Amino acid sequence: MLVSGSESSDDCKVKVWCTRQEESVLNIDMKSNICCVKYNPGSGNFIAVGSADHHIYHYDLRNISQPLHVFSGHKKAVSYVKFLSNNELASASTDSTLRLWDVKDNLPVRLLPELVLAKLFNIYFFFFSFQVRTFRGHTNEKNFVGLTVNSEYLACGSETNEVYVYHKEITRPVTSHRFGTPEMDNAEEEVGSYFISAVCWKSDSPTMLTANSQGTIKVLVLAA
C-alpha cells in the first residue's frame, strides 16, 4: 500500500493507494494543507502526517474517524516526519527546529504537559500536548531542506548551505558540514544564495548522500 498527501487548497486529503487499483482505497480529510506523510516501519496500520497548521497527526488506518493523537509544539508548518524506530518519530519544521516524539504511548519525549484545546472534525476536545525535546542549530525558515534519520541520529539541511547532524539524546548539533563553492569568493553571498535541499542516510551505514540548491551533490561519512 502507498500513502500520499495533497497540498492543493481544495483537496487537503491523505490518500491510501493499492497498486492494483487506479482509485485511492482510503481518504482522510484534513483541515489544512499536507506537507508530508510517513508509514510507521513497524506496522502498515499507522501513519504520521505533517501539516501546514503546525501539527503532526498520528492515525490508525483501521479507524480514521479521528487521529490517535495530535502532536503540538512546532510554530510553523511541519515539513517532514520520519520514524527512527517503531516508537520514535522525528519532525522538521520551517521554525528552524527538529523535534522527537514517542508514538508508542502517544507522548512526546521526556518533558512537561500543557493542556491544549483543539478543534478537529468540527468538534472541540481537550488533549495533552507536551513540550518536546527540541533540536536547534540549523536555519530553516522557508525552504524544504531535507530530513533523514537512523536509529541514533537525525540529519537535516540548513539555509546556510550546511548539513547538520544531531544525536537523538543531544539537542545541539554534534557536527555540521558546509558546502563549498570554489567559484564564489564571497562567503556571505554564498550563505544567502544556496541552501541544502536533500539529505539521505544509506541504510545501516554512517554514509549520507546530500545535495544543495545549486545542484551540488556530496557523499558524507559520519566519523566515529
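Residues numbered from 1 in each chain as written. Predicted model: local features only at pLDDT ≥ 70, side-chain atom pairs only at ≥ 80, totals over all residues. Heavy atoms only, no water.

1. Observations concerning the sheet that holds strand β5 (residues 46-51)
The strand order across the open sheet built from four strands is β4-β5-β6-β7, with neighbouring strands paired in antiparallel fashion. The outermost strands of the open sheet, each flanked by one partner alone, are β4 (34-39) and β7 (69-71). Averaged over all pairs of adjacent strands, the angle between strand axes in this sheet comes to 20 degrees, irrespective of strand direction. (Pairing = 2+ DSSP bridges. Helix = DSSP H or I, 4+ residues; strand = E, 2+ residues; numbered from the N terminus. Axes fitted to C-alpha atoms, helices over the stretch in contact; angles between N-to-C directions.)

2. Points about the packing of aromatic side chains
Under the criterion given, the structure shown has three aromatic pairs. On the numbers, 4.6 Å between centres and 40 degrees between planes, the contact of Phe 71 with Trp 101 is tilted. Here the residue Phe 71 occupies a position in strand β7, and Trp 101 occupies one in strand β10 (residues 97-102), the gap between them amounting to 30 residues. Trp 101 shares its class with Phe 71; the two are buried. The lysine or arginine in question, Lys 218, covers the ring of Phe 179, its NZ or CZ lying 4.9 Å from the ring centre. (Phe/Tyr/Trp six-rings, centres within 6.5 Å; stacked < 30°, edge-to-face > 60°. Buried < 20%, exposed > 50% of the residue type's maximum accessible area, 1.4 Å probe, protein only. Lys NZ or Arg CZ within 6 Å of the ring centre and 35° of its normal.)

3. Some words on the layout of surface pockets
One number sums up the size of the largest pocket: a volume of about 280 Å³. Residue lining of the largest pocket: 16 residues in total, with Val 149, Asn 150, Trp 201, Lys 202 and Asp 204 positioned closest to the centre. Those elements that provide at least two residues to the lining of the largest pocket are β15 (147-149) and β19 (196-201). Of the residues belonging to the lining of the largest pocket, the class tally is seven nonpolar, five polar and four charged. (1 Å grid on protein atoms, 1.4 Å probe; cavity = no way out; pocket = protein on both sides within 12 Å on 5 of 7 lines; lining within 4 Å. Points joined across faces, edges and corners; volume = space filled by probe spheres on them. Nonpolar A, V, L, I, M, F, W, Y, C, P; charged D, E, K, R; others polar.)

4. Some remarks on the state of the cysteines
Such a bond, covalent and formed between the sulfur atoms of two cysteines, is termed a disulfide. Tallied over the full model, the rule gives zero disulfides. No disulfide involves Cys 35; its sulfur sits 6.0 Å from the nearest other cysteine sulfur, which is in Cys 36. (Disulfide = S-S within 2.5 Å.)

5. Quick look at the confidence of the model for the chain
Per-residue confidence for the chain averages 83 on the pLDDT scale, and 79% of its residues sit at or above 70. Across residues 107-131, where pLDDT falls below 50, the model places 63 contacts with residues more than four positions away in sequence or in other chains. (pLDDT = per-residue confidence, 0-100. Contact = heavy atoms within 4.5 Å.)

6. Comments concerning the sheet that holds strand β18 (residues 175-178)
A sheet is described by the order of its strands in space; here four strands give the open sequence β15-β16-β17-β18, paired in antiparallel fashion. Pairing within the sheet leaves two strands with one partner each, and these edge strands are β15 and β18. Strand after strand, the sheet turns through a mean of 15 degrees between neighbouring axes, direction not considered.

7. Examining the nonpolar core
Counting 14 residues, the largest nonpolar core has Val 14, Ile 28, Met 30, Ile 47, Val 49 and Tyr 59 as the members making the most contacts within it. Sorting elements by how many residues they give to this core places β4 first, with three residues. Formed by 13 residues, the second largest nonpolar core is a distinct cluster that contains Leu 84, Ala 90, Leu 98 and Leu 154. (Core = buried A, V, L, I, M, F, W, Y, C linked by side-chain atoms within 4.5 Å.)

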